[in-house]
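# Structural description and commentary
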Amino acid sequence: MRIVDLTMPIADHFRWKTVLSVTGNIKAGDQFRISRLDAACHGFSHVDAQAHILADAPTIEATPLERVVGACRVLDLRDVRAEEEIGPERLAAADPGGAEGEILLLSSGWDRHEDWNTAGFWKRAPWLNRAAAEWLVSRRPSAVAFDFPQDYPIRLLLDGVTVPFDQHVTHDTLLRGGVTLIEYLVNTTALSERRVLLSAAPLKIPGADGAPARVYAIEGLSV
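Now for a look at the structure at hand. (Residues numbered from 1 in each chain as written. Predicted model: local features only at pLDDT ≥ 70, side-chain atom pairs only at ≥ 80, totals over all residues. Heavy atoms only, no water.)

### Notes on helix α4 (residues 130-138)
For clarity, the cut-off: Remark: exposure states derive from per-residue accessible area (1.4 Å probe, protein chains only) relative to the maximum for the residue type, with buried under 20%, exposed over 50%, and partly exposed in between. Per the convention used, a helix needs a DSSP run of H or I reaching at least four residues, while a strand needs a run of E reaching at least two, with both numbered from the N terminus. Of all possible arcs, the one meant is that of the directions from the helix axis to the C-beta atoms. Think of a polar contact as two N or O atoms within 3.5 Å of one another; within protein, one of them needs to be a possible hydrogen donor and the other a possible acceptor, and neighboring residues in sequence only count if both atoms come from side chains.
Regarding α4, the residues found buried are Ala132, Ala133, Trp135 and Leu136. Buried residues of α4, viewed axially, fall in a sector of 155°; they line one side. Sitting at the amino-terminal end of α4 is asparagine 129, which places a side-chain oxygen 3.3 Å from the backbone nitrogen of alanine 131. Residue arginine 140 follows α4 closely and has a positive phi angle near 55°.

What follows is the structure in structure tokens.
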């Protein structure tokens, strides 16, 4: 059995103001060291709830764990190019095949090309077109995980540019179709198997529309 960490660290980032404050100094005689974290629920590796885009939809604590923990197949997109538009044919060729209800992990290895702490990671990333998002929905997965900012307009947000929501094609298609989104993974090229057990359990924050997750894959199991 081999465990592979796929989580982007939660630390100060140019996109998301993140503050870790610490009180208590054990060396000075305090009994405890206590940390407090102020971070975005949709920053770093995280899970989206349907409430992220739909009024009166379930919030993150209602996400069943079996949707984000379980058998996962890895779609190898590691020869992806900067700013490449990914369509359904590309996804179909990368899919090792499996049952409905599994998690799909799109592994581009984009963090090998650009540092996620820089604008290039977000602005030069590959992205999915609507046909690709519709193809994913047609596979009937429980969740889809991405290691790149999968909707083209995400890069525009860095410049304060907003577009009609339906151009965020994976959010519009997958979340609306009941498929959970697992976003901003890293280190997926460390995976050597096409079928793994994936765990992306979000923090249980009642009323939140998303939550950070410690995401990891386990290889060497029969899944």
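### Some words on the sheet that holds strand β7 (residues 103-107)
To keep things clear, this is the line we draw: When DSSP finds at least two bridges between two strands, those strands are taken to pair. Angles here are taken between N-to-C directions and fall from 0 to 180 degrees, while the axes themselves are lines fitted to C-alpha atoms, restricted in helices to the stretch in contact.
The strand order across the open sheet built from nine strands is β1-β13-β11-β5-β7-β9-β10-β4-β12, with neighbouring strands paired in mixed fashion. Edge positions in the sheet fall to β1 (2-5) and β12 (210-212), since each of these pairs with one other strand and no more. Shown here is a sheet whose adjacent strand axes are inclined to one another by a mean of 25°, direction ignored.

### Topic: the pattern of salt bridges
Should their charged atoms come close, side chains of opposite charge can pair. We count it as follows: Any carboxyl oxygen of Asp or Glu within 4 Å of a side-chain nitrogen of Lys or Arg constitutes a salt bridge here.
Enumeration over the complete set of coordinates arrives at 14 salt bridges. A salt bridge links glutamate 102 to arginine 195, with the nearest nitrogen and oxygen atoms 2.4 Å apart. Taken together, the residues span a long stretch of sequence, with glutamate 102 in the loop between α2 (88-94) and β7 and arginine 195 in strand β11 (residues 195-199) at a distance of 93 residues. Classification of arginine 195 as partly exposed rests on a relative accessible area of 25%. One salt-bridge network, held together by shared partners, links Arg73, Asp95, Glu102 and Arg195.

### As for the nonpolar core
Rules: Definition of nonpolar core: a set of buried residues of the types Ala, Val, Leu, Ile, Met, Phe, Trp, Tyr and Cys, connected through side-chain atoms within 4.5 Å. Here, two residues are considered to be in contact whenever any of their heavy atoms come within 4.5 Å of each other.
Membership of the largest hydrophobic core comes to 31 residues, with the highest contact counts inside it found for Leu91, Leu106, Leu128, Leu136, Val144 and Phe146. When residues of this core are traced back to their parent elements, those giving at least two are α2, β7, α3 (119-123), α4, β9 (143-146) and α6 (169-175). Sorting elements by how many residues they give to this core places α4 first, with three residues. If we skip the residues at most four places from it in the chain, leucine 91 touches Leu75, Leu77, Ile86, Leu106, Leu128, Ala132, Trp135 and Leu136. In terms of nonpolar packing, the next biggest core, distinct from the first, is built from 23 residues, Val47, Val68, Ala145 and Leu185 among them.

So yeah, pure geometry; function would need other evidence.
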